[in-house]
Amino acid sequence: MNVRFVNRLSPGYGGRVPKVSAEHREARREEILCAARRRFATEGFHATSMQDILTESGLSAGAVYRYFNGKSDIVSAIACENMGSLLDSLSEYAESAADVPVGDAVVAVLQRIRAKHEQDGLSRLALQVWAESARDPELRERFCSTHQRFRAIISSLVLRRHPDLGQDADAVAGTIAALIPGFLHQLALLDPSATKDFEQGVRRLLDGF
C-alpha cells in the first residue's frame with residue numbers, strides 16, 4: 001500500500017504557518033547583533049566575515065539574512081542602536097537634572113562613547129557607517145535624524161541657561177554637536193593617549209554654558 005506524506009505547511013493542505021511574534025523577531029535580531037558585537041570586539045571589523053557571525057550566532061544563513069542583508073547592514077544597526085541609546089540617556093539626564101551645565105551633559109555622552117568604544121570598538125564602526133551613509137540615502141537620513149535629535153537636546157540645555165540667546169542657541173548647539181564626530185574620529189584613528197584629556201578640554205571649552 002502506498003502511503004502519501006502530506007506536508008501540513010504546504011499550500012494544498014490548508015494549514016497555516018505559525019506566526020512569529022514581534023517579541024521573538026526582536027529577540028532573534030538582537031541575538032544576531034550580540035554575536036556580531038562579540039566577533040567585532042575580538043577579531044576586529046575587517047577580519048570578521050559573515051560566516052564568522054553565522055558561526056558565532058549558531059544560526060543558519062537563512063535565519064540571519066532574514067533580518068540583515070549583510071555585514072554592512074549589521075554594522076549600521078549596531079551603530080544606530082548605540083547612538084540611540086546614548087541619546088536616550090542624554091535626554092533622561094537633561095530632563096531629570098535641574099539646570100544641567102551643557103559641558104556636563106556633553107561630557108556624559110563622551111564618557112559613554114568612550115566606554116562603548118572600549119567594549120566593542122564603537123568609533124571604528126562609526127567611521128565605517130559614515131562612509132556607507134555617503135552612498136546610502138536611507139542610512140544618511142537615519143544619521144541626520146540622530147544628529148538633529150542631539151542638537152535639539154543641547155539647544156534646550158543652552159536656552160535653559162542662556163534664554164537671552166534665542167535662536168542663536170541652535171547655532172551654538174550645532175557647533176557643540178560637531179564635537180561628537182571629532183571625538184569618535186580621534187578614538188578610532190589616534191593613539192589612546194591623544195584623547196585622554198578630551199572630556200576635560202570640553203568642560204573648559206564650554207565653561208559658562
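This text goes with the structure placed above it.
Bear in mind that the values here come from a model prediction, so they are computed numbers and not experimental data.

Colleague: What should I look at first to understand the packing of helix α9 (residues 179-189) against helix α10 (residues 198-205) in this one?
Modeller: How two helices sit against one another is set out by the angle between their axes and by the gap between those axes. Running from N to C, α9 and α10 point in directions that differ by 160 degrees, and their axes come no closer than 12 Å. Here α9 is positioned roughly antiparallel relative to α10, judged by the angle of their axes. For the crossing formed where α9 meets α10, the hand is right-handed. Touching Leu179, Phe183 and Gln186 of α9 are Phe198, Glu199, Val202 and Leu205, all from α10. Class assignment for the residues of the contact of α9 with α10 results in 5 nonpolar, 1 polar and 1 charged.

Colleague: Is there a simple way to think about the pattern of salt bridges in this case?
Modeller: Two side chains of opposite charge can pair, provided their charged atoms sit close to one another. For the structure shown, the criterion picks out 13 salt bridges. Between Glu132 and Arg135 there is a salt bridge, with its nearest N and O atoms 2.4 Å apart. By relative accessible area, Arg135 is classed as exposed at 62%. Across the pair Arg151 and Asp170 runs a salt bridge whose closest N-O atoms are separated by 3.1 Å. Taken together, the residues Arg151 in helix α7 (residues 137-161) and Asp170 in helix α8 (residues 168-177) connect sequence positions 19 residues apart. The class of Asp170 is partly exposed, set by a relative accessible area of 35%. Residues joined in a network through salt bridges with shared partners are Arg29, Glu30, Arg37 and Glu81.

Rules used throughout
- Residue positions within a chain follow its written sequence, with the count starting from 1.
- In view of the model being predicted, local features appear only for residues whose pLDDT reaches at least 70, and side-chain atom pairs are presented and counted only at 80 or more, with totals across whole chains, interfaces and linings using the full set of residues.
- Hydrogens and water molecules were not included; the side-chain quantities draw on all heavy atoms of the structure.
- The convention used is that axes are lines fitted to C-alpha atoms, helices contributing only their stretch in contact, and that angles between N-to-C directions extend from 0 to 180 degrees.
- Counting from the N terminus, the helices are DSSP H or I runs at least four residues long and the strands are E runs at least two residues long.
- Orientation categories follow fixed angle ranges, with anything under 35 degrees roughly parallel, anything over 145 roughly antiparallel, 65 to 115 roughly perpendicular, and all other angles oblique.
- In this scheme, a crossing is called left-handed if the near helix is turned counterclockwise away from the far one by less than a right angle; it is called right-handed if the turn is clockwise.
- Between two residues, a contact is recorded if the distance between any of their heavy atoms is within 4.5 Å.
- In this count, Pro and Cys sit with the nonpolar residues alongside Ala, Val, Leu, Ile, Met, Phe, Trp and Tyr, while Asp, Glu, Lys and Arg are called charged and the others, Gly among them, polar.
- For salt bridges, the criterion is a side-chain nitrogen of Lys or Arg within 4 Å of an Asp or Glu carboxyl oxygen.
- Exposed residues in this analysis have more than 50% of their type's maximum accessible area, buried residues have under 20%, and partly exposed residues fall in between, with area computed by a 1.4 Å probe over protein chains only.

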